[in-house]
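Residues per chain, in single letters:
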Amino acid sequence: MNMAVSLPHRHLDQMQPWSDRQHLLECLSATPEAPDVMTFTFRSDKDNWFRYLPGQFVTLELPTAPEPVMRTYTLSSTPSRPFSVAVTVKAQKDSIGTRWMFENLKPGMRIKAFGPLGDFSHIRHPGEKYLFVSAGSGITPMMSMTRYMSDTAPLSDITFINCSRGPADIIFRSELEYLARFMPNLNLGLIVEGCGRTDLWSGLKGRIDKAKIGLLAPDFMDRTIFCCGPEVFMDAVRSMLEAHGFDMKRYHQESFQPANAATPLAEVSDDASTEAATTIRFTMAGKDVVCAAGQTVLQAARGAGVRIGAACESGLCGTCRVMKLSGDVEMSHNGGILDDEIDEGYILACCSRPKTDVQIEA
């Protein structure tokens, strides 16, 4: 078996933080968690450590054929253990990127990654006590936050509700039950839609509703709530809370498609009509491209056959970050780029529109 070579033992003070501009991720292991669910663990291809918030995500560039694809996954690992990161992913029948990972990603392989990024973390939205509500693989950010609290604040008050199709589909069940033994204020509420004839299950069955939330978390009105799962699941939870008069300022849900996504080109035509076309110089490709008024750098690049990686295309994931060497752009992002990166000259191509002629390192 091709196993990753271990680095000599070094102290954190002797190492530098991992940088997605300089380092790749090297696969350490691929571990089955549940039917069609795997955890992939990575380290840096150099001697680095990982700095991120529990609940954040990364975007992986997966070398599928004929073209690589970008896929965004939440980190299930905890930053309190900074020498590796992990994503726990579920492969759907029609998935391309995740299926490629299941069939091809082995220990020792290296892939490109962007991030970590994201606002979905109890560090950004602290509370006195928490209610985590998840379904399926939406459990991953909740697991990251719970693992982090287990390491750093084991007395944290958490009610952890997870919904799955059946007992065998509960991701991290054994670890959660183990953590609950040592975290006195971690209360688990596992719900399954149904059971098979051979399943041993004495917990709740059916779909989540107000009655089940009230039973598992009687004081949910006083908690800070984090929710993650399929859109229809999160919509249902959100509607239930709103109908009950919950303070939605204390409700947070994970989504890779923010409501205030970058404005599509068709919606800027009126304002753009008074602007002049600009020229983008893609220095690495050696191309000068006319950018129509209102177009983004990414749109202009695609029209000219210049490849810039992109995933969410809404200024959230940071995959399309490129260096702007000269000129001015108007950028409307959703947290996919840091202030110090902007100060260095980086932009997100998907949500940046040139105001003058610009040079882009792409």
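Residues numbered from 1 in each chain as written. Predicted model: local features only at pLDDT ≥ 70, side-chain atom pairs only at ≥ 80, totals over all residues. Heavy atoms only, no water.

### A look at the sheet that holds strand β19 (residues 346-348)
In a beta sheet, neighbouring strands are held together by backbone hydrogen bonds and run either parallel or antiparallel to one another. Put simply, the test is: Pairing between two strands is assigned when DSSP locates at least 2 bridges connecting them. Counting from the N terminus, the helices are the DSSP runs of H or I reaching at least four residues and the strands are the DSSP runs of E reaching at least two. Angles here are taken between N-to-C directions and fall from 0 to 180 degrees, while the axes themselves are lines fitted to C-alpha atoms, restricted in helices to the stretch in contact.
Spatially, five strands are ordered β16-β15-β21-β17-β19 in an open sheet, and the strand pairing comes out mixed. In this open sheet, the two strands that pair with only one neighbour each are β16 (287-291) and β19. Put simply, the sheet's adjacent strands are angled 40 degrees from each other on average, direction ignored. Looking at chain direction, strand β15 (residues 278-282) and β16 are connected through five bridges and run antiparallel. Paired with isoleucine 280 across the two strands is valine 289, which belongs to β16.

### Details of the layout of surface pockets
Space left empty within the atom packing is revealed by a probe, the size of a water molecule, rolled over the atoms. Here is the rule: A cavity here means a set of 1 Å grid points, computed over protein atoms only, where a 1.4 Å probe fits but cannot escape. A pocket is an open set with protein on both sides within 12 Å along at least 5 of 7 lines, and lining residues have an atom within 4 Å of a point. Grid points are joined across faces, edges and corners, and a volume is the space filled by probe spheres set on the points. The classification used treats Ala, Val, Leu, Ile, Met, Phe, Trp, Tyr, Cys and Pro as nonpolar, Asp, Glu, Lys and Arg as charged, and all other residues, Gly among them, as polar. Bear in mind that the domain bounds are from an automatic or database domain assignment.
In this model, the largest pocket occupies a volume close to 1,400 Å³. What lines the largest pocket is a set of 46 residues, among which Gln92, Ala135, Ser137, Gly229 and Pro230 lie closest to the centre. Listed by contribution, the elements that provide at least two residues to the lining of the largest pocket are β6 (69-74), β7 (85-90), α1 (97-104), β10 (158-164), β11 (186-192) and α5 (231-243). When residues of the lining of the largest pocket are assigned to their parent elements, the largest contribution, five residues, is made by α5. Each residue belonging to the lining of the largest pocket can be placed in one class, and the counts come to 21 nonpolar, 16 polar and nine charged. There are two domains that each give the lining of the largest pocket at least three residues, and those are domain 1 (13-117) and domain 2 (129-254).

### Describing the side chain of lysine 212
Selection criterion: Contact definition: two residues touch when any of their heavy atoms are within 4.5 Å.
Considering the arrangement of structural elements, one finds lysine 212 in helix α4 (residues 210-216). Not counting residues up to four positions away in its chain, the partners in contact with lysine 212 are Ile191, Leu204, Lys205, Gly206 and Arg207.

### Focus: the domain arrangement of the protein chain
Our working definition: As used here, buried area is the combined drop in accessible area, with a 1.4 Å probe, of two parts when they are placed together. The salt bridge criterion pairs a side-chain nitrogen of Lys or Arg with a carboxyl oxygen of Asp or Glu, the two atoms within 4 Å. Polar contact is the term for a pair of N or O atoms within 3.5 Å; when the atoms are in protein, one must be able to donate a hydrogen and the other to accept it, and sequence-neighboring residues count only if both atoms are side-chain atoms.
The domains assigned to the protein chain are domain 1 (13-117), domain 2 (129-254) and domain 3 (278-361). Placing a centre on the C-alpha atoms of domain 1 and another on those of domain 3 gives a separation of 25 Å. Contacts between the two partners involve 11 residues from domain 1 and, on the opposite side, 15 residues from domain 3. Buried area between domain 1 and domain 3, both sides added, is near 980 Å², and the carbon and sulfur share of it is 53%. There are four salt bridges connecting domain 1 and domain 3. Across the salt bridge formed by glutamate 341 and arginine 21, the nearest N and O atoms sit 3.3 Å from each other. The interface formed by domain 1 and domain 3 includes five residue pairs in polar contact (both at pLDDT 80 or more). Contributions of two or more residues to the side of domain 1 that touches domain 3 are made by β5 (57-62), β6 and β8 (110-117). Top contributing element to the side of domain 1 that touches domain 3 by residue count: β5, with three residues. Of the residues in the side of domain 1 that touches domain 3, the class split is five nonpolar, two polar and four charged.

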